[in-house]
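These are the residues of each chain, in order.
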Amino acid sequence: MAARRDSHNLIVAGHDPSDMLLAAQELEKCGGGVAFVDQGKVLGKVALPLAGLMSSKSVAELAEEIEVLDEIARGLDVEAP
């Protein structure tokens, strides 16, 4: 019987294919997470390198990074579902 492997997917959403590719490449470099890219520039990211889902950073550090992402999202008119 073959060993089961854990796998995760990458979801990329956007309008510009080159920005979407840059976001995917940025997340590949850091091992996963969330990133915002606009006009060829990485505006912000939260790296989640542990299985692409978790971080070894403290909750306080992650909260600060997520707050920055929230501000970036608002600036781009991105709304949470």
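Check the entry above for the structure.
Residues numbered from 1 in each chain as written. Predicted model: local features only at pLDDT ≥ 70, side-chain atom pairs only at ≥ 80, totals over all residues. Heavy atoms only, no water.

Would you take a moment to explain helix 1 (residues 17-30) for this structure?
Each turn of an α-helix holds 3.6 residues, which means side chains three or four residues apart point in the same direction. Between its terminal C-alpha atoms helix 1 stretches 20 Å, which fits the 20 Å expected from 14 residues at 1.5 Å a residue. Where helix 1 is concerned, the buried positions are Asp19, Ala23, Ala24, Glu26, Leu27 and Cys30. Down the axis of helix 1, the smallest arc covering the buried residues is 160°, so these residues share one side. Of the exposed residues in helix 1, those oriented more than 90 degrees away from the buried face are Pro17, Glu28 and Lys29. Check the buried side of helix 1 and you find it contacts strand 1 (33-38) and strand 2 (41-47). Downstream of helix 1 by one or two residues, Gly31 has phi in the positive range, about 90°. (Helix = DSSP H or I, 4+ residues; strand = E, 2+ residues; numbered from the N terminus. Expected span 1.5 Å × (residues − 1). Buried < 20%, exposed > 50% of the residue type's maximum accessible area, 1.4 Å probe, protein only. Arc of directions from axis to C-beta. Contact = heavy atoms within 4.5 Å.)

I keep staring at the pairing of strand 1 and nothing clicks. Help me out?
Working note: regular strand, side chains alternate between the two faces of the sheet. Pairing analysis gives 6 bridges linking strand 1 to strand 2, with the strands arranged antiparallel. Following the sheet pairing, Phe36 is matched in strand 2 by Gly44. The hairpin formed by strand 1 and strand 2 contains 2 residues between the paired strands, and Gln39 there has a positive phi angle of roughly 50°. (Pairing = 2+ DSSP bridges.)

Is there a simple way to think about the pattern of salt bridges in this case?
Oppositely charged side chains can form a pair if their charged atoms are brought close together. By the definition in use, this model includes 4 salt bridges. With its nearest N and O atoms 3.6 Å apart, the salt bridge here joins Lys29 to Glu26. Separated by 3 residues within a single helix, Lys29 and Glu26 lie in helix 1, roughly one turn from each other. The class of Lys29 is exposed, set by a relative accessible area of 68%. Here Arg74 makes a salt bridge to Glu67, at a shortest N to O gap of 3.6 Å. A single network of salt bridges, built from pairs that share partners, joins Glu26, Lys29 and Lys45. (Salt bridge = Lys/Arg side-chain N within 4 Å of Asp/Glu carboxyl O.)

What exactly am I supposed to notice about the layout of surface pockets here?
Considered as a void within the structure, the largest pocket measures approximately 600 Å³ in volume. Lining the largest pocket we find 21 residues, and of these Ala13, Gly14, Ala35, Phe36 and Val37 sit closest to its centre. A per-element tally of the lining of the largest pocket places strand 1 first, with 6 residues. Tallied by class, the residues present in the lining of the largest pocket amount to 13 nonpolar, 4 polar and 4 charged. In this structure, the second largest pocket encloses a volume near 230 Å³. Here the lining of the second largest pocket gets 3 residues from one element, more than from any other, and that element is helix 1. Counted by class, the lining of the second largest pocket contains 6 nonpolar, 6 polar and 1 charged residues. (1 Å grid on protein atoms, 1.4 Å probe; cavity = no way out; pocket = protein on both sides within 12 Å on 5 of 7 lines; lining within 4 Å. Points joined across faces, edges and corners; volume = space filled by probe spheres on them. Nonpolar A, V, L, I, M, F, W, Y, C, P; charged D, E, K, R; others polar.)

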